[in-house]
Amino acid sequence: MIEAHELIDNDFLRQFELKFDDSLAKIEYSLQERKIFLTKLIIPESVYSEELQNEFIVAVLKHIEDRNLSVVPTSPEIAKFIRKNRQYKSMLPVGVRI
């Protein structure tokens, strides 16, 4: 399970980061008003697993929820995850459907 302290919000590069031994998984984002657009998910092949991907997305969504922001998933993987996990649909802005 991904610990909250392992997740890094890199404001300068506008990405959430998760460091492994010599790898870096990241979710790139764009922040506009009270919405955060999750634009790209990158997990190196050397550490990729669907379980890791899902845990990373959950950790990022929890961080966003704590900041009281709406989520607009433009990354296909993240949109697919939210479609499968309905509890996160409440984080979508009014009028946005996936």
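Worth saying up front: this structure is predicted, and the values here are computed from it rather than measured.

### Structural notes on unusual backbone geometry
Working step 1: With a phi close to 55°, Glu-33 is a non-glycine residue in the positive phi region.
Working step 2: You can see Glu-33 is positioned in the loop between strand 3 (24-32) and strand 4 (35-42).
Working step 3: A positive phi angle, close to 60°, is found at Asn-68, a residue other than glycine.
Working step 4: When its relative accessible area of 61% is taken as the criterion, Asn-68 is described as exposed.

### Digging into helix 2 (residues 76-84)
Working step 1: Within the sequence span of helix 2, burial applies to Ile-78, Ala-79, Phe-81 and Ile-82. All buried residues of helix 2 project into a common sector of 160° when viewed along the axis, lining one side. Among the exposed residues of helix 2, those pointing more than 90 degrees away from its buried face are Pro-76 and Lys-84.
Working step 2: Against the buried residues of helix 2 lie strand 3, strand 4, helix 1 (50-66) and strand 5 (70-73).

### Some words on the pattern of salt bridges
Working step 1: Scanning the model with the defined rule gives 2 salt bridges in all.
Working step 2: Across the pair Asp-66 and Lys-62 runs a salt bridge, and its minimum N-O distance is 3.0 Å. Of this pair, Asp-66 and Lys-62 are both found in helix 1, 4 residues apart, which corresponds to roughly one turn of the helix.

### Overview of the environment of Asp-22
Working step 1: Position of Asp-22 among the secondary structure elements: in the loop between strand 2 (15-19) and strand 3.
Working step 2: Classification of Asp-22 as exposed rests on a relative accessible area of 74%.
Working step 3: Expressed as a C-alpha distance, the spacing of Asp-22 and Val-47, which sit 25 residues apart in the sequence, is 9.9 Å.

### Describing the nonpolar core
Working step 1: In this structure, Phe-16, Ile-27, Leu-38, Phe-56, Leu-61 and Ile-64 are the most contacted members of the largest nonpolar core, which totals 24 residues.
Working step 2: Looking at this core, the elements that each hand over two or more residues are strand 2, strand 3, strand 4, helix 1 and helix 2.
Working step 3: Looking at which element gives the most residues to this core, the answer is helix 1, with 7 residues.

The rules behind each value
Residues numbered from 1 in each chain as written. Predicted model: local features only at pLDDT ≥ 70, side-chain atom pairs only at ≥ 80, totals over all residues. Heavy atoms only, no water. Helix = DSSP H or I, 4+ residues; strand = E, 2+ residues; numbered from the N terminus. Buried < 20%, exposed > 50% of the residue type's maximum accessible area, 1.4 Å probe, protein only. Arc of directions from axis to C-beta. Contact = heavy atoms within 4.5 Å. Salt bridge = Lys/Arg side-chain N within 4 Å of Asp/Glu carboxyl O. Core = buried A, V, L, I, M, F, W, Y, C linked by side-chain atoms within 4.5 Å.

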